[in-house]
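Close look at the chain arrangement
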There are 2 protein chains.
Amino acid sequence: MGTEHIVRSFAQELQRLSNLVTQMGGVAEAQVEAAVKAVTRRDVGLASQVMQADARLDAYERDIDAEAVRLLALRQPMAQDLREIVSALKVSADLERIGDYAANIAKRSLALAQVPVVRPAAGIPRMGRLVETILKEVLDAYIERDVDKAIAAWERDEELDDLYTSLFREVLTYMMEDPRNITPCTHLLFMAKNLERIGDHATNIAEIIHFLVVGTPLTVLRPKNDGSSFAVVSPAAPDIDLPLPPDDDAGPADAG
Amino acid sequence: MGTEHIVRSFAQELQRLSNLVTQMGGVAEAQVEAAVKAVTRRDVGLASQVMQADARLDAYERDIDAEAVRLLALRQPMAQDLREIVSALKVSADLERIGDYAANIAKRSLALAQVPVVRPAAGIPRMGRLVETILKEVLDAYIERDVDKAIAAWERDEELDDLYTSLFREVLTYMMEDPRNITPCTHLLFMAKNLERIGDHATNIAEIIHFLVVGTPLTVLRPKNDGSSFAVVSPAAPDIDLPLPPDDDAGPADAG
């Protein structure tokens, strides 16, 4: 009975850890949504809220790390329990990064709000909606320990890469039309890149869910369609070719 | 004696795990160096080597994760030993990201090599040298478990942010001079950002070393000087002002 008691309370502790991660995921989701809103509405107040609220995600990560280390030390878990704790450590790190990208989008929106609206800015909410969907699906998959849902979200990151690549082309051509577009468009490029990176961290979380539930890493590499790193756009030729070398082996975690 | 044997061999296993991380760090360092070389020498062959070699870092991370989880399960470590294993998990994740950024720099160098050299490209090797120094110091600090050395490297990230911000300004003004500069300069902006992000991951590792040795997180936030997210550069006014709001609370992990 003593044992049973310990087992039950360890299960409760694991549940609490998992709930912390879920809460942190909710905050990260809200941060991304608010950051995109700050851009589209040119809402400087909302932008600074997002920048300030980022500290909450850092605090969540510290709490989750501390709790995970405590459970590892006191409970000396095995198998599934151990994977639960290691996954909490990893997912919180990805969520913290997602928060950083959201904060940076908010930060850049302050610069954008100082200049007239540039047309390609419309691409940000479009990417934002898709990122928010993918992130939401991944976090649902984490709560439900649903590998299929995680993989489905993981695969949708490809759409996001396509959106990013086409926005990248559009922004570049727009910069060439008028030098006054260059500064705002540069911020748009980084915002779009931040959204694309948020998608990559969402796919990381999907991979962690696979490890958590199945016990093995998800090794298959989703073909990475971010052609923007190869983009050569010339003012002379508005038609853009993206020469892709055969060995484009940059995986989901492609960085730039 | 049996106990002594077990203790000794666990120490050996921890040493092996730490050696794996050190080896991975060496590969990451070499990748960053080669990527910057590929840019400065416009060496397409070297660039594709870097892109291909990135898979090695992914493999290292998988091995380190698997070994760490195995040790957690079999050895049920406490205190310092536990922190050793958790730190290995975290450092390997940062090194994997550093590799992704290096691979992306290499990838972008392919696009740069297709067009004439643009002047601000000289800023990349300058940033590269500093990043390589910081990364080397952090990895030495990890090997020597030297907190002071880790904090010293952590503080140097500020210089890197300054270099990045000034390069960012230079590149933007250069883009405005001639639309033909826009595409190559865009790749330069992302390369510079990737180097700045590599510096951020190096500071993350410095923070992990503090946790590993001291047992508490390094909570003090180094003031973040990346003003580029606020940059408003106008073709009319070549003098650039970077309006920084009082609440620039983006920490070392500032994302964009």
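Naming follows an unreviewed UniProt entry, where chain A appears as Phosphate-specific transport system accessory protein PhoU of Azospirillum oryzae. Chain A has a UniProt comment under Subunit (unreviewed entry) that states "Homodimer." UniProt, in the comment section headed Subcellular location (unreviewed entry), describes chain A in these words: "Cytoplasm".

One pair of aromatic rings is described through two measures. These are the centre distance and the angle between the planes. Using the criterion set out here, one finds five aromatic pairs over all chains in the structure. Here the guanidinium or amino end of Arg145(A) rests over the ring plane of Tyr142(A), the centre of that ring lying 4.4 Å away.

In this section: the nonpolar core. Leu95(A), Met175(A), Leu95(B) and Met175(B) are the most contacted members of the largest nonpolar core, which has 161 residues in total. Not counting residues within four places of it along the chain, the set of residues in contact with Met175(B) comprises Met175(A), Ile182(A), Thr186(A), Asn181(B), Ile182(B), Cys185(B), Thr186(B) and Leu189(B).

Spanning 31 residues, helix α5 (residues 147-177) of chain B covers 46 Å between terminal C-alpha atoms, matching the ideal 45 Å at 1.5 Å per step. The opening residue of α5(B), the one whose side-chain oxygen lies 3.1 Å from the backbone nitrogen of Asp148(B), is Asp146(B).

With that settled, the discussion passes to the UniProt feature "domain: PhoU" (unreviewed entry) in chain A. Under the UniProt annotation, the feature "domain: PhoU" (unreviewed entry) is placed at residues 21-108 and 124-209 of chain A. Between the C-alpha atoms that bound residues 21-108 of chain A the distance is 28 Å, and the span itself is 93% helix and 0% strand.

Moving on to the side chain of His187(B). All names here are of chain B. Looking at where His187 falls in the secondary structure, it is placed in helix α6 (residues 182-214). Of the residues examined, His187 reaches a relative accessible area of 1% and is grouped as buried. Within polar-contact distance, the side chain of His187 engages the side chain of Arg108 at 3.1 Å.

Reading the values: rules and limits
- Residues numbered from 1 in each chain as written.
- Chains lettered and ligands numbered in written order.
- Predicted model: local features only at pLDDT ≥ 70, side-chain atom pairs only at ≥ 80, totals over all residues.
- Heavy atoms only, no water.
- UniProt positions renumbered as here; feature names shortened; annotations may be inferred.
- Phe/Tyr/Trp six-rings, centres within 6.5 Å; stacked < 30°, edge-to-face > 60°.
- Lys NZ or Arg CZ within 6 Å of the ring centre and 35° of its normal.
- Core = buried A, V, L, I, M, F, W, Y, C linked by side-chain atoms within 4.5 Å.
- Buried < 20%, exposed > 50% of the residue type's maximum accessible area, 1.4 Å probe, protein only.
- Contact = heavy atoms within 4.5 Å.
- Helix = DSSP H or I, 4+ residues; strand = E, 2+ residues; numbered from the N terminus.
- Expected span 1.5 Å × (residues − 1).
- Polar contact = N/O pair within 3.5 Å; in protein donor to acceptor, adjacent residues only side chain to side chain.

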